[in-house]
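For reference, the chains in residue letters:
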Amino acid sequence: MRKIIFYFDPAVKKMLVEKVTEEGEKKFVLSSPHNFVYTAEIVARIVNVDHEDQIPTRLEPDTKYYSVIDYQTIKADTGIYFDEANACYKASEYGFVIFADQKLRWISPITVSKDKLKAYYSIYPTKAGKLPTTADIEGLLHQYRIISRLETAKVEEQLQSVDPQNPRFIRVLVAQGKEAVMGHEEYYIPLINLKKKAGELKSDGSIDFKEVGSIIEVKKGQEVLRRVPKVKPADGYDVYGDKIVSDMERVDGYSRGANIEQGMGDENIFVSSIDGCIDVDGKKVSVLPIAYIQGDVNYDTGNIDFDGSVHIMGSVNPGFSVKAKGDIIIEKNVDDATIEANGDITVKMGVVGKEKVKLTANGKVTAKYLLNAKVESVGDIIVDDSIINCDVFSNSRIVVVAKQGKIIGGKATAMYEIIVNVSGSPNETETQLTVGRNLFIEKEISDIQKEISKWRHSVEETMRHLKVSFGEAVFENPKEFINKLPTAKKKSCLLLLKELSNNNRELKKYIEQGKEIQEKLKLEREPCVIIKNKAYPNTVISIKKSTKRIESIIDNVKYYEDPDEKIIRFSPAV
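Residues numbered from 1 in each chain as written. Predicted model: local features only at pLDDT ≥ 70, side-chain atom pairs only at ≥ 80, totals over all residues. Heavy atoms only, no water.

A.B. asks: Looking at this structure, I do not really get the overall build of the chain. What am I missing?
C.D. replies: Secondary structure assignment for the chain yields 5 helices and 47 strands. Expected size for 574 residues packed as a compact globule is a radius of gyration near 25 Å; at 48 Å, the chain overshoots this value by more than 25%. Its C-alpha atoms put the chain at 145 × 85 × 45 Å along the principal axes. Residues counted as buried form 42% of the 574 residues belonging to the chain. Accessible surface, the chain as shown: approximately 31,700 Å² in total, 48% of it carbon and sulfur. (Helix = DSSP H or I, 4+ residues; strand = E, 2+ residues; numbered from the N terminus. Rg over C-alpha atoms; globule rule 2.2 N^0.38 Å. Buried < 20%, exposed > 50% of the residue type's maximum accessible area, 1.4 Å probe, protein only. Areas by Shrake-Rupley, 256 points an atom, 1.4 Å probe, with all protein chains shown as cover.)

Okay, here's the thing in C-alpha cells:
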C-alpha cells in the first residue's frame with residue numbers, strides 16, 4: 001500500500017493564529033513549531049509499505065516528527081518542488097509549509113506592513129535546528145524586488161538573538177523605507193485650559209451654574225502658548241523604492257495674537273506680556289487688558305469677575321453679576337443685576353431693577369436711564385433721560401443731561417450738585433434731592449460711633465464692677481488702695497484695673513479716629529441743587545442739615561444754603 005509521510009503538521013493552515021491570554025489580551029502566536037523548513041529540506045515523501053509497522057524504516061535519519069496519511073494525489077505549489085530521483089517533495093526556500101486543497105504550499109517568511117514602509121522576515125529554527133543566513137534573506141528580498149533593505153550587519157545582529165537550542169519565534173526587520181514628512185505651517189498649542197466649567201460646586205453639594213469661569217485671567221510672564229515650528233514637506237519611499245509623495249497638511253492649531261511674547265527660556269514657549277485675560281477670536285489667542293463679552297451676560301458666560309476692565313456687547317441678564325477692578329462698559333441694558341467696578345460704569349441703554357439691581361463704582365456712572373435702581377458712585381452719576389424711583393448717591397455730582405431729563409421719586413444724594421431739568425411729577429410724587437452729604441464718610445462715622453458706644457459701655461461696666469467690689473475709694477489713689485488690700489483681693493482688683501485701662505485705650509483710639517473722619521466731611525465748595533426747567537410740588541430739597549419742601553411749581557431755580565442763616569434759599573438757575 002502507498003502512504004504519504006509529512007515531515008510537518010498537515011493540520012496547520014496558517015503560520016500564526018490568534019489566541020487570548022489569561023489577562024484577556026489577544027495576540028498572534030506560532031501555530032506549529034514543526035512546519036518551518038530549510039532550502040532543499042524534504043517536506044513529504046511517498047512510500048510503498050506492506051503494513052504501517054514498516055513506516056519507521058522509511059523515515060529520514062534522525063527524524064523526530066512526522067505524520068502519515070493514505071496516498072492521494074497532491075501537487076507542489078510555489079516554493080515546493082518534487083524531487084523525482086528521490087521520490088520526495090522539497091522546499092525551494094526557507095519558509096513555513098502547509099497542506100491545503102491537495103497542495104503542498106510554502107508560506108513566505110517575508111511580510112510587508114500595510115503602509116509598505118517595513119518588511120519583516122519570520123524565523124523559527126527548523127526541526128534540524130537550521131536558520132536562514134543573511135544570503136538567504138537577501139535572495140528572497142531580491143525575488144520580491146524589495147530594494148530598501150536594512151544593512152547586512154543590522155540583520156545579522158538580529159539573527160544572533162535566535163538560539164536553536166532554545167527556539168522562539170521572531171520577526172526580523174529586514175527592509176525599511178522612509179516615511180514621507182507631511183509639512184505644516186507654524187502653529188501654537190495652548191498651555192492653559194480654554195474650556196469653561198459646567199458650574200461651581202458649593203459647600204452644600206449643589207452646583208452654581210452662574211460660575212462657569214468664562215474669563216480666563218493670566219498674569220504677566222505666565223506661560224500661554226507652546227509653538228510648534230513650521231515643517232517643510234519631504235517625500236519618502238517604501239521598501240520597493242516607490243516614492244511616497246508628501247504634502248502640506250492643515251493642522252487644527254492656534255495662532256498667536258496680541259500681548260503674547262517669547263519667554264526667556266525655551267524658544268517655543270510664549271508668555272503673556274501683560275496682566276489680562278485670554279481672548280480667542282476664531283483660532284487666534286491673545287491676551288487683552290479688557291475682557292470682551294460678545295453677547296449677553298447669561299448662563300453661557302456666567303458671572304463675570306475680572307482683575308481689569310470689562311466690555312459687554314449685550315446686556316446683563318437678571319440675577320447675574322459683573323465685577324471688575326477696572327471699568328465696565330455695557331452696550332445694552334442692565335436688568336436686575338449687580339455691577340461693581342473699581343473704575344467707571346457705562347451703560348449705553350438703561351438700568352432696570354426689581355429687587356437686586358445695584359451699581360457700585362469707584363469712578364463715575366453713566367447710563368441712558370435708571371429705573372428702580374440703587375447706585376453708588378465715588379465720581380459723577382450722569383444720566384441722559386431719567387432717574388425714576390431710584391436710590392442714587394454720588395460723592396461728586398448727579399447730572400441728568402437731556403432736555404426733558406427728569407428725576408421722579410426715590411432719593412438722589414450728591415456731595416456737591418444735582419443738576420436736572422425736571423424734578424418730581426404733575427401728580428406730586430415725593431422726590432428727595434439731597435446735596436452736601438457724603439454717605440461714604442457718614443457710614444464710616446456711623447461705624448466709628450458704634451465702636452465708641454461699645455467701648456464706652458465696656459468702660460462703664462468695668463467701673464461699675466470696681467465700685468461694687470471695692471467702692472469709690474479705688475479711683476482716688478489706686479496704687480495706695482491696692483497696697484492696703486488683703487492678698488486675696490489684690491489680684492482681682494488689679495485685673496479689673498487692667499481691664500479698665502485697656503477699655504479706655506480702645507475708647508480713646510476710636511474717638512480720635514472719629515475726629516479724623518469728621519475732618520473729611522468738610523466740603524471743597526458749596527453744594528447746590530439746580531432745576532433748569534420745572535420743579536413740581538413735593539420735591540424735597542435737602543442741603544447739608546437744612547430741608548425745604550416745594551409747595552408749588554417753580555421754574556428755572558437754583559437752591560443753596562445761606563452761609564449765615566443756615567437756611568435754604570434759591571435764585572434763578574440761569
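Having seen the structure, we can now continue with the description.
A.B. asks: I tried to follow the layout of surface pockets on my own but got confused; where do I start?
C.D. replies: Remark: the empty space left among the atoms is shown by a probe the size of a water molecule rolled over them. Taken as a whole, the largest pocket encloses approximately 600 Å³ of empty space. Along the wall of the largest pocket there are 22 residues; nearest its centre are Glu41, Asp62, Thr126, Lys127 and Ala128. Across the lining of the largest pocket, the residue classes tally to 11 nonpolar, 5 polar and 6 charged. The volume enclosed by the second largest pocket comes to roughly 500 Å³. Forming the walls of the second largest pocket are 22 residues, and the residues nearest its centre are Ser214, Ile278, Asp279, Val280 and Tyr292. Among the secondary structure elements, those contributing two or more residues to the lining of the second largest pocket are strand 25 (276-281) and strand 27 (290-293). In terms of residue count, the dominant contributor to the lining of the second largest pocket is strand 25 (5 residues). (1 Å grid on protein atoms, 1.4 Å probe; cavity = no way out; pocket = protein on both sides within 12 Å on 5 of 7 lines; lining within 4 Å. Points joined across faces, edges and corners; volume = space filled by probe spheres on them. Nonpolar A, V, L, I, M, F, W, Y, C, P; charged D, E, K, R; others polar.)

A.B. asks: What's the story with the pattern of salt bridges in this structure? I'm lost.
C.D. replies: Opposite charge on two side chains allows them to pair when their charged atoms are near. Overall, the coordinates contain 30 salt bridges when judged by the stated rule. With a closest N to O distance of 2.9 Å, lysine 90 and aspartate 83 form a salt bridge. Residue lysine 90 is classed as buried on the basis of its relative accessible area, which comes to 14%. Owing to a relative accessible area of 13%, aspartate 83 belongs among the buried residues under this scheme. (Salt bridge = Lys/Arg side-chain N within 4 Å of Asp/Glu carboxyl O.)

A.B. asks: Just to check I follow, could you spell out the nonpolar core for this structure?
C.D. replies: Here is a general trend for soluble globular proteins: nonpolar side chains tend to be buried in one another's company. Leu359, Leu370 and Tyr559 are the most contacted members of the largest nonpolar core, which has 54 residues in total. Among the elements that make up this core, the one with the highest residue count is strand 38 (residues 381-394) (5 residues). Those residues in contact with tyrosine 559, other than ones at most four positions away along the chain, are Pro527, Cys528, Val529, Ile531, Ile541, Ile543, Lys548, Ile550, Ile554, Ile568, Arg569 and Phe570. If you look at the next biggest cluster of nonpolar residues, it comprises 44 residues, including Val37, Ile46, Trp106 and Tyr124. (Core = buried A, V, L, I, M, F, W, Y, C linked by side-chain atoms within 4.5 Å. Contact = heavy atoms within 4.5 Å.)

A.B. asks: Sorry if this is basic, but what is going on with the packing of aromatic side chains here?
C.D. replies: Two aromatic rings, taken as a pair, are described by how far apart their centres are and by the angle between their planes. Enumeration over the complete set of coordinates arrives at 13 aromatic pairs. With centroids separated by 5.2 Å and ring planes inclined at 80°, the aromatic side chains of phenylalanine 36 and phenylalanine 96 adopt a geometry described as edge-to-face. Of this pair, phenylalanine 36 sits in strand 4 (residues 36-37) while phenylalanine 96 sits in strand 10 (residues 95-100), and the two are 60 residues apart along the sequence. A relative accessible area of 1% places phenylalanine 36 in the buried class. Overall, phenylalanine 96 belongs to the buried group, its relative accessible area being 0%. Pairing tyrosine 94 with tyrosine 121 gives two aromatic rings, centres 6.0 Å apart and planes at 15°, and the pair type is stacked. Of this pair, tyrosine 94 sits in the loop between strand 9 (88-91) and strand 10 while tyrosine 121 sits in strand 13 (residues 118-123), placing them 27 residues apart in sequence. Relative accessible area serves as the criterion here: at 1%, tyrosine 121 is assigned to the buried category. By way of ring pairs, the aromatic residues Phe36, Tyr38, Tyr94, Phe96, Tyr121, Tyr124 and Phe169 are connected into one cluster. Lying across the ring of phenylalanine 320, lysine 210 places its NZ or CZ 5.2 Å from the centre. Over the aromatic face of tyrosine 416 sits the side chain of arginine 525, whose NZ or CZ is 4.1 Å from the ring centroid. (Phe/Tyr/Trp six-rings, centres within 6.5 Å; stacked < 30°, edge-to-face > 60°. Lys NZ or Arg CZ within 6 Å of the ring centre and 35° of its normal.)

A.B. asks: So what exactly am I meant to see when it comes to the sheet that holds strand 13 here?
C.D. replies: Pairing between the strands of a sheet is mediated by backbone hydrogen bonds and can be parallel or antiparallel. On the basis of which strands lie adjacent, the open sheet formed by 3 strands has the order 12-13-14 and antiparallel pairing. Each of the sheet's edge strands pairs with one partner strand only, and the pair in question is strand 12 (110-112) and strand 14 (170-176). Strand-to-strand, the axes of this sheet are offset by a mean angle of 30°, without reference to chain direction. Two strands pair when backbone bridges link them, and strand 13 and strand 14 are joined in this way by 6 bridges, in the antiparallel orientation. By the bridge assignment for strand 14, tyrosine 121 is matched with valine 172. The strands touched by helix 2 (residues 152-159) within the sheet are strand 13 and strand 14, with strand 14 carrying the most contacts at an inclination of about 175°. (Pairing = 2+ DSSP bridges. Axes fitted to C-alpha atoms, helices over the stretch in contact; angles between N-to-C directions.)

A.B. asks: Hey, could you run me through a negative patch on the surface in this one?
C.D. replies: A cluster of acidic side chains, namely Glu217, Asp275, Asp305 and Glu340, defines a negative patch on the protein surface. Structurally, aspartate 305 is set in strand 28 (residues 304-306). Classification of aspartate 305 by relative accessible area gives exposed; the value is 52%. (Patch = residues over 30% accessible without salt bridge, like charges linked within 9 Å, V, L, I, M, F, W, Y side chains within 5 Å. Lys, Arg positive; Asp, Glu negative; His and termini not counted. Charge placed at Lys NZ, Arg CZ, Asp CG, Glu CD.)

A.B. asks: Which parts of the structure should I look at to understand the pairing of strand 2 (residues 16-20)?
C.D. replies: Side-chain direction in a regular strand flips from residue to residue, so the side chains alternate between the two faces of the sheet. Summarising the sheet, strand 2 and strand 3 (residues 26-30) pair through 5 bridges and their orientation is antiparallel. Bridge pairing in strand 3 places valine 20 opposite lysine 26. What sits between strand 2 and strand 3 in their antiparallel hairpin is a turn of 5 residues, with glycine 24 showing a positive phi close to 85°.

A.B. asks: What is the right way to look at a nonpolar patch on the surface in this model?
C.D. replies: Together, Leu201, Ile207, Phe209 and Tyr299 make up an exposed nonpolar region whose accessible area comes to about 470 Å². Tracing the sequence through the fold places phenylalanine 209 in the loop between strand 17 (207-208) and strand 18 (217-218).

A.B. asks: When you look at the side chain of asparagine 303 in this model, what are you seeing that I'm missing?
C.D. replies: Along the polypeptide, asparagine 303 turns up in the loop between strand 27 and strand 28. Among the polar contacts listed, one links the side chain of asparagine 303 to the backbone nitrogen of serine 321, at a separation of 3.0 Å. Residues contacting asparagine 303, with those up to four places away along its chain left out, are Lys210, Glu211, Gly319, Phe320 and Ser321. (Polar contact = N/O pair within 3.5 Å; in protein donor to acceptor, adjacent residues only side chain to side chain.)

A.B. asks: Is there a simple way to think about the environment of proline 289 in this case?
C.D. replies: Its location among the elements puts proline 289 in the loop between strand 26 (284-288) and strand 27. Proline 289 gets classed as partly exposed once you look at its relative accessible area, which sits at 46%.

A.B. asks: I tried to follow helix 1 (residues 134-143) on my own but got confused; where do I start?
C.D. replies: Residues spaced three or four apart along an α-helix face the same direction, because each turn holds 3.6 residues. For helix 1, every residue scored as buried is listed here: Thr134, Asp136, Ile137, Leu140 and Leu141. Along the axis of helix 1, the buried positions cluster into a sector of 155°, meaning they face one direction only. Residues of helix 1 that are exposed and point more than 90 degrees away from the buried face comprise Ala135 and His142. Check the buried side of helix 1 and you find it contacts strand 11 (103-107), strand 12, strand 13, helix 2 and strand 14. Of the residues one or two after helix 1, arginine 145 is the one with positive phi, at around 60°. (Arc of directions from axis to C-beta.)

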